[in-house]
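Take a look at the letters that make up each chain.
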Amino acid sequence: MNTYIGFHQGQYGDLFICLTAARVVKSLDPSCRLIYGINKKCEDVAEVFNLSEDIDEVVIWEGYDDWPTENDKLKLEGLKLKYGDVKLFKPMPKHLIPDWYNYWHQTEEFCLMHSLPRPPKELQDFKLNHPKVEQGDYICISPYTSFGRAKNLTEGMIEEVKGFCNSNDLELIQLGGSDDPCISGIEKFSGTYYESLIKMLGSKALVSADTGMVWAASAFSHPSLVFYSTKFYPNSSTSENWTPRNKNQISIESDYISNINASVSEYLQKTIHGRTYSKEQQDLFAKKIIGEHGFFLDIGCRTPVEENNTKLLELSGWSGILFDIDKTFVDQCNKQRSNSSFCVDVTSQDFIEILKKNGCPKVVDYISMDVDDASIQCLENFLGAGFSFRCMTFEHTWDLHNPETENCVQESRDLLELFGYKILFKDVTLAHSEHIGKPFEDWWINPELLNTTLEPKEGMTHKDIINFIYP
């Protein structure tokens, strides 16, 4: 059995980033023994690495820039006596090029620094087994870094987080080093880095500057709202390559932290309640009704990611098919989405043939329909071909500039009720854009295919929907 000792024994965040390197080593040599190297100044986090399926043992080094000290040499000799020949990764390697962040992700950089192969994207989102933690009604904030104002949250951001917590009956707990300033009026947690990490995992979300705790949160896919300065590294235009791949992290960036102009409260709401790509939480509605797995049809998908009703479902493991009459959108979706997209007239027989040839089940779990004046013909085409659905979000009004125009409101209701469907949420109203408060959709269910006791509601606002999704 080969024994490896590594990797980068730098800051706390570096230790988590190198979990990708650990995964790469184990993928290359599955039966090997991997001893994880940690510097003494970070040993209070060592316990967390027992949660890794790749790490067999942890060694604490005494030296940092002056590695190895005499004690480190003795420790290394002891490991050689115990395990025989060991392969040692240099504990403090240098960056390959100064501006690595303009070319590849930080997890890739750390692998390359150790002469390991570049990791595929799925290994860049490193994972630890989740420990048992007590969940609480609080948010953790880590506003200060060792790099000072260039990375720290502004006082205005901190005050917005405090205001959000006050409005939502949530406690706010500060995490950070003993030298960090204390935020007025809130508790500053006192404990080891590992204890702080456990405290963070019990929170609704972490709000943070670009700290090591962000990388720790990523190891557990913990909901995080993180703010970045792109100018922290010279000549960089984005922080993407030093941002964790955490799918539950929302990242906000600008050239300087002080120039970030974003609603902290709005983004914190999204962080806590789960990322939504939809404009009005249609994706969260579908997950609430159906669950984590299903089949979708995105009819009138438009963009592949933002304001898209099925991107989140796809990330959750759903499969499906996307359609749009605009080939530009379809091409974008085929490049950025894992499910197939088609440019077709959804009122035609070609649409039905695509469904049949691409594995569409007779009962579709969720349909997002937004095809304006083609909506009724599309419904007739779909239902007439013997297909059905469990739930659907249906845009019945698209000409919002004309208050006298009802588009296909009544016609769609007559047709769907004829086929046995029931409106669950009638006249869902817009919460964004210039048309705030205007009804634009009905959200339908098939009572025969869904075991539900939910009662129909009318005029559902954004707040009503959030309360339904997160009672």
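Residues numbered from 1 in each chain as written. Predicted model: local features only at pLDDT ≥ 70, side-chain atom pairs only at ≥ 80, totals over all residues. Heavy atoms only, no water.

**Student:** When you look at the overall build of the chain in this model, what are you seeing that I'm missing?
**Tutor:** On a plain count of helices and strands, the chain comes out with 16 helices and 18 strands. C-alpha atoms of the chain, sized along the principal axes, occupy 85 × 50 × 45 Å. Here the chain holds 471 residues, and 54% of them are scored as buried. Pairs at least 24 apart in sequence give 65% of the contacts found in the chain among residues at least 6 apart. For the chain, the accessible area works out to roughly 21600 Å², and carbon and sulfur atoms hold 47% of it. Across the chain, the centroid of the 45 positively charged side chains sits 6 Å from that of the 70 negatively charged ones. (Helix = DSSP H or I, 4+ residues; strand = E, 2+ residues; numbered from the N terminus. Buried < 20%, exposed > 50% of the residue type's maximum accessible area, 1.4 Å probe, protein only. Contact = heavy atoms within 4.5 Å. Areas by Shrake-Rupley, 256 points an atom, 1.4 Å probe, with all protein chains shown as cover. Lys, Arg positive; Asp, Glu negative; His and termini not counted. Charge placed at Lys NZ, Arg CZ, Asp CG, Glu CD.)

**Student:** Where do I start with the nonpolar core in this structure?
**Tutor:** Within soluble globular proteins, side chains that are nonpolar tend to cluster in buried spots. Formed by 48 residues in total, the largest nonpolar core has its most connected members in Phe7, Phe16, Val48 and Phe49. Of all the elements in the fold, those that place two or more residues in this core are helix H1 (12-17), helix H2 (19-28), strand E2 (33-39), helix H4 (106-113), strand E5 (138-142), helix H7 (193-201) and helix H8 (212-218). The contact partners of Val48, leaving out residues within four places of it in the chain, are Phe16, Leu128, Tyr194, Leu197 and Phe220. One finds Val346, Met369, Val371 and Phe382 within the second-largest nonpolar core, a separate group that totals 32 residues. (Core = buried A, V, L, I, M, F, W, Y, C linked by side-chain atoms within 4.5 Å.)

**Student:** What is the right way to look at helix H3 (residues 70-83) in this model?
**Tutor:** Residue pairs spaced three or four apart in an α-helix point in one direction, given the helix's 3.6 residues per turn. Counted at 1.5 Å a residue, the expected span for H3 with its 14 residues is 20 Å, and the 20 Å between its end C-alpha atoms agrees. Among the residues making up H3, those that are buried are Asp72, Leu76, Leu79 and Tyr83. Taken down its axis, H3 places every buried residue within 60° of arc, on the same side. Looking at H3, the residues exposed on the side facing more than 90 degrees away from the buried face are Glu70, Leu74 and Leu81. Where H3 is buried, its residues meet strand E1 (3-6), E2, strand E3 (57-61) and strand E4 (86-88). Immediately downstream of H3, the backbone of Gly84 shows phi near 80°, a positive value. (Expected span 1.5 Å × (residues − 1). Arc of directions from axis to C-beta.)

**Student:** Before we go on, may I ask you to explain the sheet that holds E4 in this structure?
**Tutor:** Across a sheet, strands are paired by hydrogen bonds formed along the backbone, either parallel or antiparallel in direction. The parallel open sheet is built from four strands, whose spatial order is E3-E2-E1-E4. If you trace the sheet from one side to the other, it starts and ends with E3 and E4, each paired once. The mean inter-strand angle of the sheet, taken between neighbouring strand axes irrespective of direction, is 25°. Of the strand pairs in this sheet, E1 and E4 are connected by three bridges, and their pairing is parallel. Residue pairing across strands places Ile5 opposite Leu88, the latter belonging to E4. With respect to the sheet, H3 is in contact with E1, E2, E3 and E4, its orientation differing from that of E3 by roughly 155°. (Pairing = 2+ DSSP bridges. Axes fitted to C-alpha atoms, helices over the stretch in contact; angles between N-to-C directions.)

**Student:** Explanation requested: the layout of surface pockets in the structure shown.
**Tutor:** Remark: the empty space left among the atoms is shown by a probe the size of a water molecule rolled over them. Reported here for the largest pocket is a volume of approximately 1300 Å³. Taken together, 50 residues form the lining of the largest pocket, with Gln11, Tyr12, Gly13, Ser146 and Phe147 sitting closest to its centre. Examining the composition of the lining of the largest pocket, we find that four residues originate from one element, H1, more than from any other. Classifying every residue of the lining of the largest pocket gives 21 nonpolar, 18 polar and eleven charged. (1 Å grid on protein atoms, 1.4 Å probe; cavity = no way out; pocket = protein on both sides within 12 Å on 5 of 7 lines; lining within 4 Å. Points joined across faces, edges and corners; volume = space filled by probe spheres on them. Nonpolar A, V, L, I, M, F, W, Y, C, P; charged D, E, K, R; others polar.)

**Student:** Explain the sheet that holds strand E10 (residues 249-254) to me, please; I cannot follow it from the model alone.
**Tutor:** Within the open sheet, the six strands sit side by side as E7-E6-E5-E8-E9-E10. Their pairing is parallel. Both outer strands of the open sheet, strand E7 (187-188) and E10, are each paired with one neighbouring strand and no more. With four bridges joining them, E5 and strand E6 (residues 171-174) adopt parallel strand pairing. Residue pairing for E6: Cys140 is matched across the bridge by Ile173.

**Student:** Can you help me understand the pairing of E6 in this one?
**Tutor:** Moving residue by residue along a regular strand, the side chains alternate between the two faces of the sheet. For the handedness criterion, the β-α-β arrangement of E5, helix H6 (residues 155-167) and E6 is classed as right-handed. With two bridges joining them, E6 and E7 adopt parallel strand pairing. Looking at the pairing, Ile173 lines up with Glu187 of E7. (Right-handed = clockwise from strand over helix to strand, strands pointing away.)

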